[in-house]
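Secondary and tertiary structure notes
Residues per chain are reported as follows:
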Amino acid sequence: MKDAELTNPCRVSFVLNGEPHTFDTRPDEKLLDLLRRNGYRGTKFGCGQGTCGACTVLMDGRAIYACLLYAMQAEGREVRTIEGMGTFDKPSEFQQELIDGGAVQCGYCIPGMVMSAQALMEAESTYPDEIVKEYMDGNLCRCTGYEKIWGALRRVLDRREASLKADKAEKPAP
Amino acid sequence: MKLKEFVRPSSVEEAHQVLEELGTGGMALAGATALHFMQGEQPVTAVDITRLGLSYIREEGGYYRIGATTPLADIQRHRAPRWALHEICRCMATHQLRNISTIGGNISRVFPWADLPVVLLAMDASIVVYDGADEQEISADEFFRDQPARRLAGTGKLVVAVKVPALQAHHGFGSVKVVRTAAAFSMSTVAVCLSLAGEKVEAARVAVGAAVGIPQRLPEAEKLLAGRHIDAQTLDELARTVETGVACRSMEGMSPEYVKHLTGVTARDAAERAIQFARERAQ
Ligand SMILES: Cc1cc2nc3c(=O)[nH]c(=O)nc-3n(C[C@H](O)[C@H](O)[C@H](O)COP(=O)(O)OP(=O)(O)OC[C@H]3O[C@@H](n4cnc5c(N)ncnc54)[C@H](O)[C@@H]3O)c2cc1C
Ligand code: FES
Ligand code: FES
């Protein structure tokens, strides 16, 4: 019997990159497969077992591995993929820094790195190294040795931290 | 593990009922991160238990009650006076896994590398299980006496919470996990929870995991620490007692003898941390 015959077709609805969507799926399908099958190919398949981070997406603002999550677990959630981050014409600040810093070699790990960094930027307001390492500990890069990726992220985080501080200083105390 | 259906009950009672009816054809699904390790079994119906209001950390009297579907990341980020669970959670897997793996999933089916059972044994925690009528509180000693998944399978019983005693002023806790790389599975995890009376250890609980098949307490080590003066000799003796008293498995190119030695040294480190914890938070 084929795998697909063992499971029943079903549907899952969630908000994907800001737009509500309903997809046909099966109970056994992983979110990564659903996304790639539907054209969201920026999210990569690396190890398929929760160790490399190439498949990282955000669910309700938290970074998760789409290769381990069943698509049905995303019902009613808010999912963001690399397609929601930036475009070739208009890259996000971190994506631009990665390009400018020559931090991309094969590029396979980059979508996952960008998603983990996004979770970090949205959840935290200060970025000490310990916290940055914590958010980025689930993304492997086989090419760069991390230094340039780290440098690019550090530049973005330093600017962001300074601007958050300035915003706070401008706001009068209640 | 293959899934053939996916159901979302709306209450703990309904989840229990559905699971009981499905018997071994059903399975509670929390983060689903362990299914990857559970290959080759019959396809099952997944019963999603993550939307039942079981994700919380509450202080209740002398203990913390942690809901079964609380992600490890939330336990890691939680802060409270003498809260000690964040330390081990920070060392478990990666950020993405900690965001979705739950405390209930980590303890309901114990894999050899599971870290939380070790910590819960040392902390004298209890596990709250819903059996369709009542909540039963089971001591960690009883819950981890063998594979809990074998006892839970097909019964509809659900772990709904974990109760961890709040540490008091003279209490200390330390957990050490030995890994080759930051996100790797543990080679040896040891946790020590103790109470101090001046410069003496009043009582201690010591537990080990990863190096052994199923997490377990180390009664000989606990006996050795009780009433002993805190000094280098006591800690050396602790390391030797653990090394000689624990039956370790070989792993990743390491002989059982090496793993024993590693576990002895790790126990010493964990005890030192526990003592430091107690001294730093003496008030
Ligand atoms: C690459 C990788 C590395 C990892 N590294 C570590 C590590 O270093 N240390 C560590 O401790 N863990 C580690 N883990 C996590 C661990 O192996 C399990 O995957 C995880 O703890 C399971 O949690 P979950 O919420 O995803 O449970 P699930 O996968 O949803 O469920 C696991 C099992 O428990 C049952 N179950 C779940 N919740 C309940 C409940 N409330 N009541 C009754 N039964 C229940 C399920 O039916 C299933 O049998 C790692 C996982 C991966 C994938
Ligand atoms: S593909 Fe998901 S973690 Fe590697
Ligand atoms: S750039 Fe190739 S894996 Fe990171």
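Residues numbered from 1 in each chain as written. Chains lettered and ligands numbered in written order. Predicted model: local features only at pLDDT ≥ 70, side-chain atom pairs only at ≥ 80, totals over all residues. Heavy atoms only, no water.

Quick word on the overall build of chain B
In plain terms, the rule: Put simply, DSSP marks the helices as runs of H or I at least four residues long and the strands as runs of E at least two long, and each gets a number from the N terminus on. Restricting the calculation to C-alpha atoms gives the radius of gyration, and the globule rule supplies 2.2 Å times the number of residues raised to the power 0.38. Only heavy atoms matter for contacts: two residues are in contact if any of them lie within 4.5 Å across the pair. Charge assignment: positive for Lys and Arg, negative for Asp and Glu; neither His nor the chain ends contribute. All charge positions are set by atom: Lys at NZ, Arg at CZ, Asp at CG, Glu at CD.
Broken down by element type, chain B carries 11 helices and 12 strands. By the compact-globule yardstick of 19 Å for 283 residues, chain B fits well, its C-alpha radius of gyration being 19 Å. Each principal axis of the C-alpha atoms in chain B carries an extent, and together these give about 60 × 45 × 30 Å. Residue pairs in contact within chain B that sit at least 24 positions apart in sequence constitute 62% of those at least 6 positions apart. Looking at chain B, you have 31 positive and 33 negative side-chain charges, and the mean spots of the two groups are 4 Å apart.

Details of the side chain of Asn106(B)
Inspection of the secondary structure puts Asn106(B) in helix 5 (residues 103-108). With near-sequence residues (within four places) excluded, Asn106(B) lies in contact with Met92(B), Ala114(B), Asp115(B), Leu116(B) and Pro117(B).

Looking at unusual backbone geometry
Non-glycine residue Asp60(A) carries a positive phi angle of around 50°. Its location among the elements puts Asp60(A) in the loop between strand 3 (56-59) and strand 4 (62-65).

Notes on the site of ligand 1
Here is the rule: Nearness is judged by heavy atoms alone; a residue qualifies as near a molecule or strand once a single heavy atom is within 4 Å of it. Polar contacts, as counted here, are pairs of nitrogen or oxygen atoms within 3.5 Å of one another; within protein the pair requires one atom able to donate a hydrogen and one able to accept it, and residues that are adjacent in sequence qualify only if both atoms are side-chain atoms. The Shrake-Rupley method, run with a 1.4 Å probe, gives the accessible areas here. Residue values count only the displayed protein chains as cover. All amino acids are sorted into three groups, where Ala, Val, Leu, Ile, Met, Phe, Trp, Tyr, Cys and Pro are nonpolar, Asp, Glu, Lys and Arg are charged, and the leftover types, Gly among them, are polar.
Close to ligand 1 lie 36 residues; Ala28(B), Ala30(B), Thr33(B), Thr102(B) and Lys177(B) are nearest. Near ligand 1, the surrounding residues are drawn from chains A and B. Ala28(B) is positioned such that a nitrogen or oxygen atom in its backbone is 2.6 Å from an oxygen atom of ligand 1. In this structure, an oxygen atom belonging to ligand 1 sits 2.9 Å away from a side-chain N or O atom of Asn106(B). Within the complex, 96% of the 970 Å² of free accessible area of ligand 1 lies under protein. Mapped onto the shell around ligand 1, the elements with two or more residues apiece are strand 2 (26-29), helix 5 and strand 8 (158-165) of chain B. In terms of residue count, helix 5 of chain B provides more of the shell around ligand 1 than any other element does, four residues in total. Looking at the shell around ligand 1, its residues break down into 22 nonpolar, 11 polar and three charged.

A short note on the pairing of strand 9 (residues 171-178) of chain B
Where a strand is regular, its side chains alternate between the two sheet faces. All names here are of chain B. Our working definition: The classification of residues rests on relative accessible area computed with a 1.4 Å probe and restricted to protein chains. Under 20% of the type maximum is buried, over 50% is exposed, and intermediate values are partly exposed. Here, a strand pair is defined by DSSP locating no fewer than two bridges between the strands.
Among the eight residues in strand 9, seven count as buried, and that is most of the element. With eight bridges joining them, strand 9 and strand 10 (residues 188-197) adopt antiparallel strand pairing. Residue pairing across strands places phenylalanine 173 opposite cysteine 193, the latter belonging to strand 10.

Quick word on the pattern of salt bridges
To keep things clear, this is the line we draw: Should a side-chain nitrogen of Lys or Arg be within 4 Å of a carboxyl oxygen of Asp or Glu, the pair is scored as a salt bridge.
Scanning all chains against the criterion turns up 33 salt bridges over all chains. Of the charged contacts in the structure, one is a salt bridge between Arg62(A) and Asp74(B), with a shortest N-O distance of 2.4 Å. Placement of the pair is Arg62(A) in strand 4 and Asp74(B) in helix 2 (residues 72-77), with the two residues belonging to separate chains. You can call Arg62(A) partly exposed: its relative accessible area is 27%. For Asp74(B), a relative accessible area of 24% puts it in the partly exposed group. Note that Arg205(B) is salt-bridged to Asp124(B), the shortest N-O span being 3.5 Å. Taken together, the residues Arg205(B) in strand 11 (residues 200-209) and Asp124(B) in the loop between helix 6 (116-122) and strand 6 (126-130) connect sequence positions 81 residues apart. Asp124(B) sits in the partly exposed class, given a relative accessible area of 40%. A cluster of three or more residues bridged by salt bridges with shared partners is formed by Asp124(B), Asp141(B), Arg205(B), Arg217(B) and Glu222(B).

A closer look at the packing of aromatic side chains
Each pair of aromatic rings is reported with the distance of its centres and the angle of its planes. Residue and element names in this part refer to chain B. How we decide: Two rings belonging to Phe, Tyr or Trp (six-membered ring only in the last case) form a pair when the distance between their centres is within 6.5 Å. Interplanar angles under 30 degrees mark stacking, angles over 60 mark edge-to-face geometry, and anything in between is tilted. The rule is short: NZ of Lys or CZ of Arg within 6 Å of the ring centre and within 35 degrees of the ring normal puts a charge over the ring.
Under the definition given, this model contains eight aromatic pairs over all chains. Here a set of aromatic residues connected by ring pairs shows up, and it is made of Phe37, Phe111, Trp113 and Phe185. Between the NZ or CZ atom of arginine 58 and the centre of the ring of tyrosine 56, over which it lies, the distance is 3.8 Å.

Describing the nonpolar core
Stated precisely, the cut-off is as follows: What is meant by a nonpolar core is a set of buried Ala, Val, Leu, Ile, Met, Phe, Trp, Tyr and Cys residues, joined one to another through side-chain atoms within 4.5 Å.
Formed by 41 residues in total, the largest nonpolar core has its most connected members in Ile107(B), Ile127(B), Phe143(B), Phe144(B) and Phe173(B). With sequence-adjacent residues up to four places away left out, Ile107(B) is seen in contact with Leu116(B), Pro117(B), Leu120(B), Ile127(B), Phe143(B), Phe144(B), Pro148(B), Val159(B) and Val162(B).

Observations concerning the interface of chain A and chain B
Inclusion rule: Accessible surface is computed with a 1.4 Å probe, and the buried area is the amount of it that two parts give up when combined, taken over both parts together.
Counting residues at the interface gives 32 residues for chain A and 31 residues for chain B. Summed over both partners, the interface of chain A with chain B comes to about 2,600 Å²; 48% of that surface belongs to carbon and sulfur atoms. For the interface between chain A and chain B, the tally reads five salt bridges. We note a salt bridge from Asp28(A) to Lys2(B), for which the minimum N-O separation is 2.8 Å.

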